[in-house]
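One-letter residues, chain by chain:
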Amino acid sequence: MPLPRRLSRELAAHDGEAVRIAGHLEEYRALGGVAFALVRDGSGTTQVTLKKGATDPAMFAALEGLARESVVEVEGTVARSERSRRGVELLPSRLTVVTPAEVPLPLGVVDKVGADLDTRLNHRVLDLRKPAVRAVFELRTAVLAGFRRAFLDRGFLEVETPKILRQGAEGGSTLFSVDYFGTRAYLAQSPQLYKQMLIGAGFERVFEIAPVFRAEPSDTVRHLTEIGMLDAEVGYVDDPEELRGLLEGIVADTVAASRADLERRGNPLAARLPEAKTPFPRVPFARAEAWLGRPGAGRDLSTEEERAVAERAERELGSPWFFLTDFPSAIKAQTFYARRQEADPSLTYYFDLYGGTLEIASGGLREHRVDRLRANMERAGVSPAAFEGYLEAFRFGMPPHGGWGLGIDRLVQALAGLPNIREARLFPRDRYRLDP
Ligand code: ATP
Ligand code: MG
């Protein structure tokens, strides 16, 4: 019977016991009478201590000749040790080299000098072995679990909508086309139309966590071509405040749950997560335009303007989270499903949620009356005939509804304070990157 495998973080609870550990050989150092092998698994690093006279000499020789990052298995006895970081060390009785690593490594895992991001992404598997990089994906796991919990607690159904489409939601410029058995199809850039159709199906509240694809040619630190999207749609809502209240509550719960989860794991990002205290401030678009000194310009914010507005909002309103509300209809003209305000049709019920200086989510009330929806489509230059399946959902009884799309990569970027969105995804896709 092989000994049970233990993780590094579990060893302190097994003082005096015979155990087996396995992981990547981070480092081997021989210092005269003793030698140390550091073995890293998914929970941390274990110090294996070899002692001349006590440890089989063959083990010194085997480790001496072994390349860093090889996978090894070590059996031995757990012993208290003041000098190791975990407070325990493993006194080895048996070493197995499972798979040797090649030399040289294209990217050092424990090197003090940082490699540039491109090199890191080119050798992402080695990069992901770094505890600080792995920490981001523990955060991402916590965020996804937190969202699911928050949605389920609020009575939402989790749905999965098609990612291969005949038509995109808005203009064709950011759509990837695929050859679908000889006809042209597109990769979904949003589950927008399908989540609305599910409100027509009487589903009341739906959410989806899935990738979407955007043929985003710009090379920025906050755009990718494949992104994780969190979409929600809610029926029988007539007031955008109800949507904003739901969204901020879900974000605040998710941040709190993520912080608790990371604290339990001893993940240092726990201390970095920005407080998410509700209610988040609301900044009408017109106020942001006044801040920028261009009232009523009626065009969307540039990247620099977004940053200026976010900095001013944080300074004056004291929150890194805020809603930019009441987007002008002129800006949302292409968004044919956006509902115009009854009292002032030059405004929509649309809003963005900001986290730090990043736009994290966009949402609002949708147009649920089929005649107005058709009129919006025609104004946007979109042929209603191409959207029959979508429009059918509106012709046989559609509740008033609204929802939002939240970029998970942007959120993780904001929460972890990452300078580049690429670091928030395991294997990012951008204008120039399809590998690995
Ligand atoms: P932006 O103006 O920042 O390019 P958008 O307004 O075009 O984004 P939406 O259609 O509102 O994007 O998508 C909802 C959310 O998805 C955005 O708020 C953002 O968090 C995220 N998102 C959209 N496009 C991208 C992208 N190319 N890369 C990463 N995240 C994105
Ligand atoms: Mg947006």
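Everything that follows concerns the structure shown earlier in this document.
All residue numbers refer to position in the chain's written sequence, counted from 1. To label them, take the chains in the order written and letter them from A, then take the ligands in the order written and number them from 1. Residues qualify for local features only when their pLDDT is at least 70, as the model is predicted, and side-chain atom pairs are given and counted only at 80 or more; totals for whole chains, interfaces and linings, by contrast, use all residues. In computing side-chain properties, one takes all heavy atoms of the structure into account and sets aside hydrogens as well as water.

Draft legend 1. Quick look at the overall build of the protein. Numbering of helices and strands runs from the N terminus; a helix is a DSSP stretch of H or I covering at least four residues, while a strand is a stretch of E covering at least two. Helix and strand content of the protein: 11 helices and 16 strands. Based on the C-alpha atoms only, the size of the protein along its principal axes is roughly 85 × 55 × 40 Å. Any two residues whose heavy atoms approach within 4.5 Å are treated as being in contact. Across the protein, every contact between residues at least 6 apart in sequence was considered, and the portion connecting residues at least 24 apart equals 64%. Positive charges come from Lys and Arg, negative ones from Asp and Glu, while His and the chain ends are left out of the count. A charged residue contributes its charge at one atom only: NZ of Lys, CZ of Arg, CG of Asp or CD of Glu. When the 59 positive and 62 negative side-chain charges of the protein are each reduced to one mean point, those points stand 2 Å apart.

Draft legend 2. Summary view of the sheet that holds strand β8 (residues 177–180). In this description, strands pair whenever DSSP reports at least two bridges between them. Ordered in space as β7-β9-β8, the 3 strands form an open sheet in which the pairing is antiparallel. Because the sheet does not close on itself, it has two edges, and the strands there are β7 (164–165) and β8. Looking at chain direction, β8 and strand β9 (residues 183–187) are connected through 4 bridges and run antiparallel. Bridging from a neighbouring strand, Y180 pairs with T183 of β9.

Draft legend 3. Just unusual backbone geometry, in detail. Backbone torsion omega between V103 and P104 reads -5°, so that peptide bond is classified as cis. Summarising the element assignment, P104 is placed in the loop between β5 (88–99) and α2 (117–122). With a phi angle near 60°, Y236 is a residue other than glycine that sits in the positive phi range. Considering the arrangement of structural elements, one finds Y236 in the loop between β11 (226–235) and α6 (240–265). On the basis of relative accessible area, Y236 is assigned to the exposed category, the value being 53%. Categorising residues by exposure relies on relative accessible area from a 1.4 Å probe, with only protein chains included: less than 20% of the type maximum marks a residue as buried, more than 50% marks it as exposed, and the intermediate range marks it as partly exposed.

Draft legend 4. Region of interest: the coordination of the magnesium ion (ligand 2). Metal coordination here is assigned from N, O and S atoms located within 2.8 Å of the ion, or within 3.2 Å for Na, K and Ca; omission of water means that sites may look incomplete. Those protein atoms acting as donors to the magnesium ion (ligand 2) are E359 (OE) and S362 (OG), and they sit at 2.1 to 2.2 Å. What makes E359 partly exposed here is its relative accessible area of 22%.

Draft legend 5. Up close: the site of ligand 1. If even one non-hydrogen atom of a residue comes within 4 Å of a molecule or strand, that residue is called near it. The environment of ligand 1 is formed by 15 residues, the closest being R214, H223, E359, I360 and S362. We call two N or O atoms a polar contact when they sit within 3.5 Å, provided that within protein one can donate a hydrogen and the other can accept it, with sequence-adjacent residues counted only if both atoms are side-chain atoms. At a separation of 2.7 Å, an oxygen atom of ligand 1 approaches a polar backbone atom of I360. Contact distances for ligand 1 include 3.4 Å between an oxygen atom and a backbone N or O atom of G407. The method behind every accessible area is Shrake-Rupley, applied with a 1.4 Å probe, and residues are considered shielded solely by the protein chains displayed. For ligand 1, whose accessible area on its own is 580 Å², the fraction buried by protein is 81%. Contributions of two or more residues to the shell around ligand 1 are made by β11, β15 (358–365) and β16 (401–407). With 4 residues, β15 is the largest single contributor of residues to the shell around ligand 1. Under the grouping applied here, Gly and all other residues not named as nonpolar or charged are polar, the nonpolar ones being Ala, Val, Leu, Ile, Met, Phe, Trp, Tyr, Cys and Pro and the charged ones Asp, Glu, Lys and Arg. When its residues are assigned to classes, the shell around ligand 1 shows 6 nonpolar, 4 polar and 5 charged.

Draft legend 6. Seen up close, the nonpolar core. Counting 48 residues, the largest nonpolar core has L139, F151, L247, W404 and L406 as its most contacted members. Here the element with the most residues in this core is helix α4 (residues 131–153); it accounts for 9 residues. With sequence-adjacent residues up to four places away left out, L406 is seen in contact with F147, G228, M229, L230, L247, V251, I360, A361 and L411. Counting 30 residues, the second largest nonpolar core, distinct from the first, contains A310, F322, I331 and Y354. What makes a nonpolar core is a set of buried Ala, Val, Leu, Ile, Met, Phe, Trp, Tyr and Cys residues whose side-chain atoms join them at distances within 4.5 Å.

Draft legend 7. How the structure looks around the packing of aromatic side chains. Ring pairs shown here join Phe, Tyr and Trp side chains whose ring centres sit within 6.5 Å, with only the six-membered ring taken for Trp; geometry is labelled stacked below 30 degrees between planes, edge-to-face above 60, and tilted in between. Counted according to the given criterion, the structure contains 14 aromatic pairs. Relative to F323, the ring of F280 lies with its centre 6.1 Å away and its plane at 35°, an arrangement referred to as tilted. Of this pair, F280 sits in the loop between α6 and β12 (282–284) while F323 sits in strand β13 (residues 321–325), and the two are 43 residues apart along the sequence. The same class applies to F280 as to F323, namely buried. With centroids separated by 4.9 Å and ring planes inclined at 65°, the aromatic side chains of Y390 and F394 adopt a geometry described as edge-to-face. Here the residue Y390 and the residue F394 both occupy positions in helix α10 (residues 388–395), the gap between them amounting to 4 residues, near one helical turn. By relative accessible area, which is 4% here, Y390 ends up buried.

Draft legend 8. Broad picture of the pairing of strand β3 (residues 44–51). In terms of burial, β3 is a largely internal element, 7 of the 8 residues being buried. Across 8 bridges, the pairing between strand β2 (residues 34–41) and β3 is antiparallel. In the sheet register, V39 faces β3, and the bridge partner there is T46. Following β2, the chain reverses through 2 residues before pairing antiparallel with β3.

Draft legend 9. Layout of the environment of L175. Position of L175 among the secondary structure elements: in the loop between β7 and β8. By relative accessible area, L175 is classed as buried at 13%. Separated by 12 residues in sequence, L175 and L187 place their C-alpha atoms 6.6 Å apart.

Draft legend 10. Structural context of the environment of L91. Tracing the backbone through its elements, the reader meets L91 in strand β5. Sequence-distant contacts of L91, defined by excluding residues within four places in its chain, comprise T49, K51, E75, G76, T77 and A79.

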